[in-house]
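# Chain and residue survey
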Amino acid sequence: ESAGDTTEFNINPNACGTGLTIAQLPATGIVAGNLDGASTSMLLTKCGGGGGAAAHAYALVLTEPQIVVASTVDPMTTIDTVIDIRRANCADAKAEVACNDDSVGGTSSELTVSLDPGVYYVIVEGHDTSVTGPYQLTVKLFSAEGAECTMTSDCAPGLVCRIPSGETAM
């Protein structure tokens with residue numbers, strides 16, 4: 001997007017179909033937005049959303065294998081969200097990597113997925129076409145399973161940083 005960013009990737013504004021706004025995921029991994037129907041997803045997922053539901057997509061470029069945790073679990077999220085992660089060929093029905101709806105017992109969504117290097121789209125959408133309102137998306141990146149680490153906080157949820165048997169480094 002600019003000479004100062006770390007990738008040479010140009011967003012295809014129609015990668016996920018016409019009508020769905022796509023933006024670069026900020027380096028912080030945190031985006032506050034409002035689903036208002038100006039941007040919609042026609043992509044259907046097994047989790048809900050799509051079919052004309054209000055949605056926003058965020059491009060994520062990975063240069064190495066990583067574990068991605070995407071979440072709308074935040075007090076700023078006041079609507080029923082679905083999170084969908086799709087490969088670069090986003091509009092293709094087979095591009096879906098993972099999706100989640102209401103993973104934590106409420107209306108917010110969260111998913112953890114291991115991804116190879118490449119281009120992905122993280123889509124936040126309303127559960128159905130009647131859902132509009134504010135959300136906050138947080139995307140955290142962690143080293144891939146089996147990668148070197150220095151402390152447990154380097155690891156994705158559920159993983160532990162430790163010294164493997166017969167080794168000297170974590």
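Residues numbered from 1 in each chain as written. Predicted model: local features only at pLDDT ≥ 70, side-chain atom pairs only at ≥ 80, totals over all residues. Heavy atoms only, no water.

### Here's the deal with the state of the cysteines
- Following the criterion strictly, the structure yields two disulfides and no others.
- In this model Cys16 forms its disulfide with Cys90; the gap between the sulfur atoms is 2.0 Å. Note on the Cys16 and Cys90 pair: the S-S dihedral is about 105 degrees, so by sign convention the disulfide is right-handed. Separated by 74 residues along the polypeptide, Cys16 in the segment before strand 1 (22-24) and Cys90 in the loop between strand 6 (81-87) and strand 7 (96-101) bring together distant segments of the chain.
- The exposure class assigned to Cys90 is buried, which follows from its relative accessible area of 0%.
- In this model Cys47 forms its disulfide with Cys99; the gap between the sulfur atoms is 2.0 Å. Taking the torsion about the S-S bond as the criterion, the Cys47 to Cys99 disulfide, at about 80 degrees, is right-handed. Highlighted residues: Cys47 in the loop between strand 3 (40-41) and strand 4 (53-62) and Cys99 in strand 7, separated in sequence by 52 residues. We note that Cys47, like Cys99, is buried. (Disulfide = S-S within 2.5 Å. Helix = DSSP H or I, 4+ residues; strand = E, 2+ residues; numbered from the N terminus. Buried < 20%, exposed > 50% of the residue type's maximum accessible area, 1.4 Å probe, protein only.)

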